[in-house]
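Reading the structure
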Amino acid sequence: MKISVIGCGFLGAVYAAGMASLGHDVVGIDIDEQKLERLKAGHSPFFEPGLDELLLEAQNRGSLRFSSDFADTASSTMHFLCVGTPQLDGSLAADVSYVDAAVRSLVPYLEASDVIVGKSTVPVGTAARLSPLVLDAGAELIWNPEFLREGHAVKDTLHPDRLIYGVRDETDAAAAIAALDEAYAPMLDEGTVRMIMNYQTAELVKNSANSFLATKISFINAMAELCDAAGADVTELAEALGLDERIGRKFLNAGLGFGGGCLPKDIRALQAQAEELGVDSAVNFLNDIDHINQSQRSRLVELTRRICGPLEGMRLVVLGAAFKPDSDDVRDSPALDVAQQLQDAGADVVVCDPHATGNAKLRFPDLAYTPELAEAVAGADALLLLTEWKQFRQLDPYQLSSQVARTVMIDGRNVLDPTKWRNAGWTFGALGRP
Ligand code: UDX
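Residues numbered from 1 in each chain as written. Predicted model: local features only at pLDDT ≥ 70, side-chain atom pairs only at ≥ 80, totals over all residues. Heavy atoms only, no water.

**Some points on the site of the ligand**
Put simply, the test is: A cutoff of 4 Å decides nearness: a residue is near a molecule or strand if any of its heavy atoms lies inside that distance of it. We define a polar contact as two N or O atoms separated by no more than 3.5 Å, with the added condition that, inside protein, one atom must be a possible hydrogen donor and the other a possible acceptor, whereas residues neighbouring each other in sequence contribute only through side-chain atom pairs. The Shrake-Rupley method, run with a 1.4 Å probe, gives the accessible areas here. Residue values count only the displayed protein chains as cover.
Around the ligand, the surrounding shell holds 20 residues, and the nearest of these are F147, L148, E150, N253 and K324. Here N210 contributes a side-chain N or O atom positioned 3.5 Å from an oxygen atom of the ligand. Within the contact set of the ligand, an oxygen atom lies 3.4 Å away from a backbone nitrogen or oxygen of L252. Look at the ligand: alone it shows 670 Å² of surface, and the protein chains cover 92% of it.

Following this line, the structure appears as structure tokens:
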């Protein structure tokens, strides 16, 4: 099948490579020439495990190309919309102007029975609003939200949990549904559940899924605060709660909380959405979820102050800059937020991250960075593990002891074994653990 992917950011680049690996003939469209140059050379513009291999393979086979010219979409019969919908400045709502612009740019090249597939996370009503424009060109619009996680994007794209098709009318859109089934044939053959629903429901699935995940994380972080006050251990609490199948263990990791380009934006977009629909009180609790999440960052700074004493002149090493491991994405990174707060409080902060220091420098230019662990920890007064990269989870307290000035470890992600660190002579602190 000939496919175009509009927008080659995180979602689009992975999607273009993924669809090409399924045997389709794909053209990726973006306006950013620098990004296109990297992609054409077979390099991902961001760090995502497995993506470079997929890009190179597809381009060597001749099944993937990139272009900045919308005219190159003309020969495709299916067009995936993968542009961003960032939070609007000064508002909780998402900015859908890139989605609108992408559809308007596609329309002149559409042919009868083409299908536009919306992957971007959009507010309810977006697909219904754009559909007439697409129908006028003889094409059909399906909203098919994407659930891929950074760091696992290749697997999540090729082996999704579910496929959601939002349509205007199941009978009228039958040919478009069949075409999308054909594009996704390998996934459907694996038994992936496919659900057909109206546009509004499909649009809500994405925002509500991310809001639920954010709620789970903030719930366990609220419990962590209770645990601190009560002398309980939130990691054991989470294990015990997770054994109840109705609750489940995933997304109950207490610590510094969530960041990134999706969860924070999506809980705010859902609030803006509810307000627009006149039911803002229905999701008022999301405001608390956001608040709990933000307050984890100041709680971590307080914990550091409690353990280390006055922060002025203290040499602190922040392990992690990315908002999560296996990613170089630093959007709304809790680790960088804490690093900046510590530096503002007078500490001498060095941030160490294996892949994200380049992006971090652009957002927080006043912080000092190094990708080299040995260089970072030399002479440190305290180490703060704030993004749980594998190399940080595997740190050996005995080996590190001789490199630091003071043996203090603050585990902001609850991934280290406190007994092991304390037995090695370290002062150990964490959120929600005695
Ligand atoms: C999220 C959704 O998971 C994905 O389905 C959607 O398509 C995009 O948004 P992503 O932003 O890549 O994916 O990150 P995710 O793995 O959900 O983690 C989000 C944040 O929550 C990270 O900062 C992570 O550190 C934090 N987190 C996650 C916790 O603090 N505790 C947990 O138990 C899990």
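**Notes on the domain arrangement of the chain**
Stated formally: Domains are outlined according to an automatic or database domain assignment. Whether two residues touch is decided by their heavy atoms; if any such pair falls within 4.5 Å, the residues are in contact. Accessible surface is computed with a 1.4 Å probe, and the buried area is the amount of it that two parts give up when combined, taken over both parts together.
With domains assigned, the chain is organised as domain 1 (2–191) and domain 2 (198–434). Here the C-alpha centroids of domain 1 and domain 2 sit 32 Å apart. Facing 34 residues of domain 1, the contacting portion of domain 2 comprises 26 residues. Between domain 1 and domain 2, roughly 2400 Å² of surface is buried when both sides are summed, and carbon and sulfur atoms account for 61% of that area. The largest share of the area that domain 1 buries against domain 2 comes from F47, V124 and E150, three residues that together contribute 31% of it.

**Here we look at helix α4 (residues 97–106)**
This is how the line gets drawn: In this scheme, a residue with accessible area under 20% of its type's maximum is buried, one over 50% is exposed, and one in between is partly exposed, where area comes from a 1.4 Å probe on protein chains only. Strands are runs of DSSP state E lasting at least 2 residues, helices are runs of H or I lasting at least 4, and numbering of each runs from the N terminus. Of all possible arcs, the one meant is that of the directions from the helix axis to the C-beta atoms.
Along α4, the residues classified as buried are V99, D100, A102, V103 and L106. All buried residues of α4 project into a common sector of 160 degrees when viewed along the axis, lining one side. On its buried face, α4 is in contact with β1 (2–6), β4 (78–81), β5 (115–118), α5 (126–136) and β6 (140–143).

**Structural notes on the sheet that holds strand β10 (residues 348–352)**
Whenever strands of a sheet pair, they do so through backbone hydrogen bonds, lying parallel or antiparallel. Defined as follows: Strands pair, by our definition, only if DSSP identifies at least two bridges between them. To get an axis, a line is fitted to the C-alpha atoms, and for a helix only the part in contact is used. The angle between two axes follows their N-to-C directions and goes from 0 to 180 degrees.
Ordered by their spatial adjacency, six strands build an open sheet running β11-β10-β9-β12-β13-β14, and the pairing between neighbours is parallel. Either end of the sheet is taken by a strand with one partner, and the two such strands are β11 (368–370) and β14 (427–430). On average, each strand axis in the sheet is inclined to that of its neighbour by 20 degrees, with strand direction left out of account. Here four bridges tie strand β9 (residues 315–319) to strand β12 (residues 382–385), and the two strands are oriented parallel to one another. From the neighbouring strand, V317 faces β12, where its bridge partner is L383. Across the face of the sheet, helix α13 (residues 334–344) comes into contact with β9, β10, β11 and β12 while running at roughly 160 degrees to β10.

**As for the state of the cysteines**
Using the following cut-off: By disulfide we mean two sulfur atoms from cysteines, separated by a distance within 2.5 Å.
Scanning all chains against the criterion turns up zero disulfides. The cysteine C8 is free of any disulfide, with C82 supplying the nearest cysteine sulfur at 8.1 Å.

**Let's talk about the pairing of β9**
How we decide: When the strands point away from the viewer and the connection leading from the first strand across the helix to the second strand turns clockwise, the crossover is called right-handed.
Most of β9 is tucked away, with five of its five residues classed as buried. Across the two faces of β9 the burial is the same, with R315, V317 and L319 and L316 and V318 all buried. In this view, the connection linking β9 to its parallel neighbour β10 by way of α13 has right-handed handedness.

**Side note on the packing of aromatic side chains**
Selection rule: Geometry of aromatic contacts follows a simple scheme: Phe, Tyr and Trp rings, the Trp one being its six-membered ring, pair when their centres are within 6.5 Å, and the pair is stacked under 30 degrees between planes, edge-to-face over 60, tilted otherwise. A positively charged side chain is recorded as over a ring if its NZ (Lys) or CZ (Arg) lies within 6 Å of the ring centre. The angle to the ring normal must also be within 35 degrees.
Counting across every chain of the model gives six aromatic pairs. Arranged with centres 6.2 Å apart and planes meeting at 45 degrees, the rings of F47 and W389 form a pair that is tilted. With a gap of 342 residues between them, F47 in the loop between α2 (33–40) and α3 (51–61) and W389 in the loop between β12 and α16 (390–393) connect regions that are remote in the sequence. Judged by relative accessible area, W389 falls into the buried class, the value being 3%. On the basis of an interplanar angle of 45 degrees and a centroid distance of 6.5 Å, the ring pair of Y165 and Y184 is categorised as tilted. With a gap of 19 residues between them, Y165 in strand β7 (residues 162–167) and Y184 in the loop between α7 (174–183) and α8 (185–189) connect regions that are remote in the sequence. A single burial state applies to Y165 and to Y184, both of which are buried. Put simply, the rings of Y15, F80, Y165 and Y184 pair up and form one aromatic cluster. Positioned above the aromatic ring of F147 is the side chain of R162, whose terminal nitrogen or guanidinium carbon lies 3.7 Å from the ring centre.

**Some words on the pattern of salt bridges**
For clarity, the threshold we go by: Salt bridges are identified by distance alone: a Lys or Arg side-chain nitrogen within 4 Å of an Asp or Glu carboxyl oxygen.
Counted under the stated rule, the structure contains 21 salt bridges. Across the salt bridge formed by E37 and K40, the nearest N and O atoms sit 3.8 Å from each other. In this pair, E37 and K40 both sit in helix α2, three residues apart, roughly one turn of the helix. A relative accessible area of 45% places E37 in the partly exposed class. Residues joined in a network through salt bridges with shared partners are E140, R168 and D172.

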